[in-house]
Each structure stands twice: as C-alpha cells, then as structure tokens.
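# Structural overview for review
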Amino acid sequence: MTIASALLVFLLAHCLLLNRCMGSEAVGVFGDGRHGVSLTRVEAPSRCGGGGRTSLSSRPGASTPPPKPLLVAAPCEAGEYPVLVFLHGYLVVNSSYSQLFQHVASHGFIVVAPQLYTISGPDTTEEISAAAAVISWLAGGGLSCSLPPGVRADATKVSVSGHSRGGKVAFALALGHAKLPLRLAALVAVDPVDGMGVGRQTPPPILTGRGAGSLRVAAPAMVIGTGLGELPRGPLLPPCAPRGVSHAEFYGELDRGGGAAAACHMVARDYGHTDMMDDDTPGARGMLTRAICRSGGAREPMRRFVGGATVAFLNKWVGGDGEALDGIRERPEQAPVALSVMEFLGDDEAVAQIA
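The present account deals with the structure reproduced in this document. (Residues numbered from 1 in each chain as written. Predicted model: local features only at pLDDT ≥ 70, side-chain atom pairs only at ≥ 80, totals over all residues. Heavy atoms only, no water.)

Grouped together as the largest cluster of nonpolar side chains are 52 residues, with contacts concentrated most on Leu87, Ile110, Phe171 and Leu173. Of the residues forming this core, the biggest block, eight residues, is contributed by helix H3 (residues 125-139). Membership of the second largest hydrophobic core comes to 45 residues, among which are Ala73, Tyr97, Phe109 and Ile328. (Core = buried A, V, L, I, M, F, W, Y, C linked by side-chain atoms within 4.5 Å. Buried < 20%, exposed > 50% of the residue type's maximum accessible area, 1.4 Å probe, protein only. Helix = DSSP H or I, 4+ residues; strand = E, 2+ residues; numbered from the N terminus.)

Moving on to the packing of H3 against helix H4 (residues 165-174). Between two packed helices, what matters for the description is the angle formed by their axes and the separation of those axes. The geometry of H3 relative to H4 is characterised by a closest axis approach of 10 Å and an angle of 65° between their N-to-C directions. In this structure, H3 meets H4 at a crossing whose hand is right-handed. Listed contacts from H4 to Glu127, Ile128, Ala131, Ala132 and Ile135 of H3 are Arg165, Val169, Ala172 and Leu173. (Axes fitted to C-alpha atoms, helices over the stretch in contact; angles between N-to-C directions. Left-handed = near helix turned anticlockwise from the far one by under 90°. Contact = heavy atoms within 4.5 Å.)

Within the element layout of this structure, histidine 247 appears in helix H5 (residues 247-252). If we ignore the near neighbours within four places in the chain, the residues touching histidine 247 are Asp191, Pro192, Val223, Ile224, Gly225, Thr226, His265 and Val267.

It is worth spelling out the state of the cysteines at this point. Scanning the model with the defined rule gives one disulfide in all. Cysteine 240 shares a disulfide with cysteine 293; S-S distance 2.0 Å. Between cysteine 240 and cysteine 293, the disulfide has an S-S torsion of -100° and is therefore left-handed. In this pair, cysteine 240 sits in the loop between strand E8 (221-226) and H5 while cysteine 293 sits in the loop between helix H6 (283-291) and helix H7 (300-317), placing the two residues 53 residues apart along the sequence. (Disulfide = S-S within 2.5 Å.)

With that settled, consider the pairing of strand E4 (residues 79-87). Every other side chain in a regular strand lies on the same face of the sheet, so the side chains alternate between the two faces. By the criterion of burial, E4 is predominantly enclosed, with eight of the nine residues buried. Bridge analysis of E4 against strand E6 (residues 151-163) gives eight bridges, and the strand direction is parallel. Across the sheet, the residue bridging to leucine 84 is serine 159, located in E6. For E4 and strand E5 (residues 110-114), the ladder comprises three bridges, and the chain directions are parallel. Within E5, the position partnered with valine 85 by the bridge is valine 112. (Pairing = 2+ DSSP bridges.)

Turning next to the pairing of strand E9 (residues 263-268). In terms of burial, E9 is a largely internal element, six of the six residues being buried. Across the two faces of E9 the burial is the same, with Ala263, His265 and Val267 and Cys264, Met266 and Ala268 all buried. Of the strand pairs in this sheet, E8 and E9 are connected by six bridges, and their pairing is parallel. Residue pairing for E9: threonine 226 is matched across the bridge by alanine 268.

Across all of its chains, the model carries 10 salt bridges by this definition. Here aspartate 326 ties to lysine 316 by a salt bridge, and the two come within 3.3 Å at their closest N and O atoms. With aspartate 326 in helix H8 (residues 323-330) and lysine 316 in helix H7, this residue pair connects regions lying 10 residues apart in the sequence. The exposure class of aspartate 326 is partly exposed, given its relative accessible area of 26%. Residue classification places lysine 316 among the buried residues on the basis of a relative accessible area of 16%. Residue aspartate 326 pairs with arginine 329 through a salt bridge whose shortest N-O separation is 3.6 Å. Taken together, the positions of aspartate 326 and arginine 329, both in helix H8 and three residues apart, correspond to about one turn of that helix. Through salt bridges that share partners, Lys316, Asp326 and Arg329 make up one connected network. (Salt bridge = Lys/Arg side-chain N within 4 Å of Asp/Glu carboxyl O.)

Evaluated as defined, the whole model comprises six aromatic pairs. With 5.0 Å between their ring centres and 55° between their planes, phenylalanine 86 and tyrosine 97 make a pair best called tilted. One end of the pair, phenylalanine 86, is in strand E4; the other, tyrosine 97, is in the loop between E4 and helix H2 (98-105), and 11 residues separate them in sequence. Each member of the pair phenylalanine 86 and tyrosine 97 is classed as buried. On the numbers, 6.0 Å between centres and 25° between planes, the contact of tyrosine 97 with phenylalanine 101 is stacked. Note on tyrosine 97: relative accessible area 0%, which makes it buried. Across the ring face of phenylalanine 344, the terminal group of arginine 329 is positioned such that the distance to the ring centre comes to 4.8 Å. (Phe/Tyr/Trp six-rings, centres within 6.5 Å; stacked < 30°, edge-to-face > 60°. Lys NZ or Arg CZ within 6 Å of the ring centre and 35° of its normal.)

What follows covers the environment of proline 336. The topology assignment puts proline 336 in the loop between H8 and strand E10 (339-347). Here the alpha-carbon distance between proline 336 and alanine 268, two residues 68 residues apart in the chain, equals 9.5 Å. Not counting residues up to four positions away in its chain, the partners in contact with proline 336 are Phe30, Pro301, Arg304 and Phe305.

So, on to a nonpolar patch on the surface. Together, Leu237, Leu288 and Ile292 make up a nonpolar patch on the protein surface, roughly 220 Å² of accessible area in all. By secondary structure assignment, the location of isoleucine 292 is in the loop between H6 and H7. The class of isoleucine 292 is partly exposed, set by a relative accessible area of 33%. (Patch = residues over 30% accessible without salt bridge, like charges linked within 9 Å, V, L, I, M, F, W, Y side chains within 5 Å. Areas by Shrake-Rupley, 256 points an atom, 1.4 Å probe, with all protein chains shown as cover.)

Structure (structure tokens):
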C-alpha cells in the first residue's frame, strides 16, 4: 500500500468515525438517559429530612406547600440539575405525560409538572398566574424537600414547556404576561394552540396576526408541531390544533430581528396532537385524548421524539452542549419520526430544511 493510499484509508475511516459519533449523540437523546428516575407527587407541606421515597405516592413537599399539586420527575443520583416546568394541555391531567417526563429526567433534568386546574373555562389568565406562582415557589427553594437524597434543583436554570393550551401558557410566561422572579433559560412549546381558530382565540390572546417579530421572547425557543394536529378525527369533530392558531403561527410570529433569541421549529409529519402522551391514559379524560384528536398510531415514537428534541435543545441552550441538536440538524433521518419541517433561526445563521 502506497503512502497516498494509506492516507486515503485513514481519512475515510476518520470521516466515518466522525459521522458515527455525530449521529450517535443525536440518537442517544431519543432513548433513555443514564439516570434512574424518581417520579413523585407533591401536594402538602411537611418537614425536610429523612425518610425514603415511594414512586408515584403522595408525598409531602417543602415547609411551604406548592401553589398547585405537582408531579415531579427527577434523577435519582445526587447532584444539581436544571429544572423544566411542564404545563399540561386543556382538561388533561399532568400524569398523562409521565413517560415523557421520565425520558427527559433520565437525561439529567428535574421536570416539574403542576396540575393547573381540574375544570377550566376559555380564559387562561388564572393558569398563567398559577404557573408563575409555581415558578416563584421553585425559585424560593420550595422543591428542596421533595427530591431524592442529594438531588438539588438549580434555580438559576429554569425553563418552561407546555403542550397545547399549556404551550400557549408557556409562551405567555416567556412574553411577560406574569411577573417571574427569574429569567427563563429556555422555552419549549409542544403543538401550542391559541384557541379554536383565527378570531376565536382564548383570552388573553398570544398570537397577534401581525407576522414575524410580533412575539419577542428573550429566551431561546423551540416549537414542536404535529402534521395531523390540524386535521379533524371525524366529520363531527373540530381539529385539536386548528390551522391559524397552532405551531406554525407561534413560530412564525417569533422575533427574527437582530439580537433575537435563537429559535427552532420541528414538525412530526405523521403524528397527532396527543401522540406524545403516555401509552395508557386511564379515566374519562385519558380516553378523550385518543377519541377526539387524530392520531398517527403508536405513541412511543412521537414521545421519544418530543423527549429527545427537548433534551437536545435544553442541552444546547441551558447546558452549553450543542452536539445532540447539531446532530439532529445534520441528520434528521435519525429522529424516530419523519420530519416535514425543520428550521433554525438565530443560531449563527438561519437554516431551513424541509424533509
């Protein structure tokens, strides 16, 4: 073998290894992380110190009770972890997303999911205030007694996420509709919805109809959409994420001017509005998540996608490690779902890709 041939073989092997490494990091976020996860309900006040923990048991919280009942997914290993506050969709219980929460927590995040209400009308003002109160409680150290031994919440790195109407509430918090004691680290909106349609938004409306630049979010923002959300399940049912008030409009109205925070938009082509929820969502409300919204079938691929994309985005903009997000951008075919839209803004340059 000549020196030139040997050099060529070395370069090819190096490129293959580099490509494999870039891909493996992206694939890794779509599977379970390295952390064991504790999943706990937090409802009432109590004393700190001592005692074991029981998964999915009602366990007292800190000396001051949380403003709303919480479902908390946290790594079991001692350490300090960033926090993601997740806001449920309309008339849905927070436990309907428990598998998604465990996925994100296994990658080194504490997920705090308040149950904002049991029954609610069209106005989201109280939900915005309640979510802000939960974040204030977290910032004051309220979660400290509700975590596994040695696990601490990093109150300087709190992000907010939400699904459907909860995505709208997450946007409202990031836009300053309620006073927060801290600056949000990132925003992740999962198929957000602002009402029943154009002209029928739920108060307070978030979308303005004025196009790009209308929503000035200081934090990096990811909007995840579904391809089937805007399609009705049957002739007598409205779509769960109506066109004109859903993910495309939330992303489209983000500020794209100089100095705007980074943004990302991904759309799962073949999945529906509730397909990131648990495989089993019991009770009447759980049955409705399957009966009302059009679905792509098995929920597990969509759930892995939403969990992995969320982890990749937070890793980059909260943890400073962009390898996984860059891997998804470079090789979107590695995602467990087909993507019809993948767009990035404010990350050095604007990049738009249509799968």
